[in-house]
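Close look at the chain arrangement
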Amino acid sequence: MKLGIVGLPNVGKSTLFNAITKAGAQAANYPFCTIEPNTGIVPVPDSRLDVLAQMYSPKKVTPATVEFVDIAGLVKGASRGEGLGNKFLSHIREVDAIVHVVRCFEDENIIHVDGSIDPKRDIEVIQLELILADLETVQKRTDKARHLLRGGDKKMALEAEVGERLTAHLEAEKPARTMPMTDDEKAIVDGWFLLTDKPVIYAANIADSDVGEGEDDLPYVKAVRELAAGEGSQVFIVSAQIEEEIAQMDADEKAEFLTELGLGQSGLDRLIAASYELLGLQSFLTAGADECRAWTITRGTKAPQAAGKIHTDFERGFIRAEVVSYDDLTTLGSMNACKEKGLVRSEGKEYVMQDGDIVLFRFNV
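Residues numbered from 1 in each chain as written. Predicted model: local features only at pLDDT ≥ 70, side-chain atom pairs only at ≥ 80, totals over all residues. Heavy atoms only, no water.

**Observations concerning the overall build of the protein chain**
The following threshold applies: Helix numbering and strand numbering both begin at the N terminus, where a helix is a DSSP run of H or I of at least 4 residues and a strand a DSSP run of E of at least 2. Here the term buried applies to any residue with accessible area under 20% of the maximum for its type, exposed to any over 50%, and partly exposed to those in between, with areas from a 1.4 Å probe on protein chains only. Any two residues whose heavy atoms approach within 4.5 Å are treated as being in contact. Note on areas: Shrake-Rupley with a 1.4 Å probe; residue coverage comes only from the protein chains shown.
A tally of regular secondary structure across the protein chain gives 14 helices and twelve strands. For the protein chain, buried positions account for 48% of its 365 residues. Of all intrachain contacts in the protein chain linking residues separated by at least 6 positions in sequence, the fraction that spans at least 24 positions is 68%. Summing over all exposed atoms, the protein chain offers an accessible surface of approximately 17700 Å²; the carbon and sulfur share of this is 48%.

**Re unusual backbone geometry**
Of note in this structure, Asn10 is not a glycine but carries a positive phi near 65 degrees. Mapped onto the fold, Asn10 is located in the loop between strand E1 (2–6) and helix H1 (13–21). A positive phi is found at Phe193, a non-glycine position, where the angle reads about 50 degrees. For Phe193, the location among the structural elements is in the loop between helix H6 (183–190) and strand E6 (200–205). Residue class for Phe193 comes out exposed when judged on its relative accessible area of 55%.

**Digging into the pairing of strand E7 (residues 234–238)**
Where we set the bar: Two strands pair under a simple rule: DSSP has to find at least two bridges between them. With the strands aimed away from the viewer, a crossover counts as right-handed if its path from the first strand over the helix to the second runs clockwise.
Taken across its five residues, E7 has four buried, putting it largely inside the fold. In this sheet, E7 lies alongside E6 in parallel orientation, the contact comprising five bridges. Looking across to E7, one finds that Asn205 is bridged to Val238. Between the parallel pair E6 and E7, the chain is carried across by helix H7 (residues 219–231), and the sense of this crossover is right-handed.

**Section: the packing of helix H4 (residues 119–150) against H7**
Operational definition: In this description, a line fitted to the C-alpha atoms serves as the axis of each element, helices being fitted only across the stretch in contact, and the angle between N-to-C directions of two axes falls anywhere from 0 to 180 degrees. Small angles under 35 degrees read as roughly parallel and large ones over 145 as roughly antiparallel, with 65 to 115 read as roughly perpendicular and the rest as oblique. Side-chain classes follow a simple rule in which Ala, Val, Leu, Ile, Met, Phe, Trp, Tyr, Cys and Pro form the nonpolar group, Asp, Glu, Lys and Arg form the charged group, and the remainder, Gly included, forms the polar group.
Running from N to C, H4 and H7 cross one another at 40 degrees; their axes reach a closest spacing of 8 Å. Classified by the interaxial angle, the pair formed by H4 and H7 is oblique. Residues Pro119, Lys120, Ile123, Glu124 and Gln127 of H4 touch H7, and the partners they reach there are Tyr220, Val224, Leu227 and Glu231. When grouped by side-chain class, the residues that make up the contact of H4 with H7 number five nonpolar, one polar and three charged.

**A short note on the nonpolar core**
Basically, it comes down to this: Working definition of a nonpolar core: buried Ala, Val, Leu, Ile, Met, Phe, Trp, Tyr and Cys residues. They are joined through side-chain atoms within 4.5 Å.
Ranked by size, the top nonpolar core spans 68 residues in total, and within it Phe68, Tyr202 and Ile272 carry the most contacts. With near-sequence residues (within four places) excluded, Ile272 lies in contact with Val42, Pro43, Val44, Pro45, Val66 and Phe68.

**Considering the packing of aromatic side chains**
Operational definition: Any two of the Phe, Tyr and Trp rings considered here, Trp counted by its six-membered ring, make a pair once their centres fall within 6.5 Å; the pair's planes then place it as stacked at under 30 degrees, edge-to-face at over 60, or tilted in between. Lysine NZ or arginine CZ positioned within 6 Å of the ring centre and within 35 degrees of the ring normal marks a charge as sitting over the ring.
All told, the structure shown has four aromatic pairs when counted by the stated rule. Pairwise contacts between aromatic rings join Phe284, Trp295, Phe318 and Phe361 into one cluster. Lying over the aromatic face of Trp295, Arg293 brings its terminal NZ or CZ to 4.0 Å of the ring centre.

**A word on the environment of Val323**
Tracing the backbone shows Val323 in strand E10 (residues 318–325). For Val323, a relative accessible area of 0% gives the class buried. In this structure, the C-alpha to C-alpha distance between Val323 and Val359, residues 36 residues apart in sequence, is 4.7 Å. Setting aside its immediate chain neighbours within four residues, Val323 contacts Leu343, Val344, Arg345, Glu347, Tyr351, Asp357, Ile358 and Val359.

**Structural notes on the pattern of salt bridges**
What counts is decided by this rule: Salt bridges, as used here, are contacts in which a Lys or Arg side-chain nitrogen is within 4 Å of a carboxyl oxygen on Asp or Glu.
On inspection of all chains with the given rule, the structure shows 23 salt bridges. In this structure, a network of salt bridges that share partners links the residues Asp46, Arg48 and Asp355.

**Brief notes about the sheet that holds E7**
The strand order across the open sheet formed by six strands is E2-E4-E1-E5-E6-E7, and the pairing between neighbours is mixed. Two strands in the sheet have a free side with no partner beyond their single neighbour: strand E2 (38–43) and E7. Across this sheet, the average inter-strand angle for adjacent strands is 25 degrees, counted without regard to direction.

**A look at the confidence of the model for the protein chain**
Rule in force here: The pLDDT value tells you how sure the predictor is about a given residue, anywhere from 0 up to 100.
The share of residues in the protein chain with pLDDT of 70 or more is 90%, and the mean pLDDT across the chain is 86. Taken as a whole, residues 23–35 scores under 50 in pLDDT and shows 39 contacts with residues more than four places along the chain or in a different chain.

**So, a negative patch on the surface**
So the rule is basically this: Without a salt bridge and with relative accessible area above 30%, a residue can belong to a patch; like charges are then joined within 9 Å and nonpolar side chains (Val, Leu, Ile, Met, Phe, Trp, Tyr) within 5 Å. Neither His nor the chain ends is counted toward charge; the positive residues are Lys and Arg and the negative residues Asp and Glu. By convention, charge coordinates are those of NZ in Lys, CZ in Arg, CG in Asp, or CD in Glu.
Together, Asp250, Asp252, Glu253, Glu256 and Glu260 give the surface a local cluster of negative charge. Following the sequence through the fold, Asp252 ends up in helix H9 (residues 251–261). A relative accessible area of 66% places Asp252 in the exposed class.

Right under this line is the structure:
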């Protein structure tokens, strides 16, 4: 999973990136501090792996990972090459989802590129630039489809029709992800790699003094939620400054600090959970003396394709999957105990994987 962190200059984008990756991306009080995208790979928190590690004492423990990309700040006119323009847009095309950091705090010591705090305006500035870039792409694809249609390629009829509808939708300043589409239409649009077709999580970056009870009632946060609700996007509230402090703490200090603030999880944990939900992802687990590992798959993935995540030979020569639920294994304490109770299932090619399945794949190549 690859998430792109975007936002206007000086909204807390790089500060949040530093906090969640501890990668030390430069963060300073001037626009375009980030030019080349900084990348950080972080483990997906999964307490189930910790429990399995205690049971099996493996040689190594490998969590699933998320790649975060801190993408340069955007300004009006990026679709026409202003600021870092096309470089910014090309970096967005490469990610699975967008984390859009929105400034929801006042601080006279940190300049705002537009001189005032207005989350709705800030979101619309970035969204409009992405829409304008997508319009150019869609119009080119539509023109090409029309040309091929005139040449007798009837397969292009649907592509031309979708392109015309999508052009009107974008011209109304609506992102591509909000246009209703059939599966066939969606397959066409997916091939265009549109910026506004990517799912979005809005990160409402609040002041550290606003963290805790009542943060949902902050006017700026409400403005972000209202806009996100209109397009079916998710919102999570975070203080990038506090997350940066948490990143420097050891596990015990972190737990105590989060408890004092009334937070059950760090911003990173909540962001990853929201991202998994947004992208329809889940994890299955493998466990043994050599390694305990979490593997990320899309919900609805069948057993052979899940096996292919481990190695292509596993999918090609798939025979069956021996599956036990995490709860059953940890309750009874061993795979043998689960087998004695009849709780280890032998599943075939049509089995749909469930979150937390612990699996041993049988294959023959």
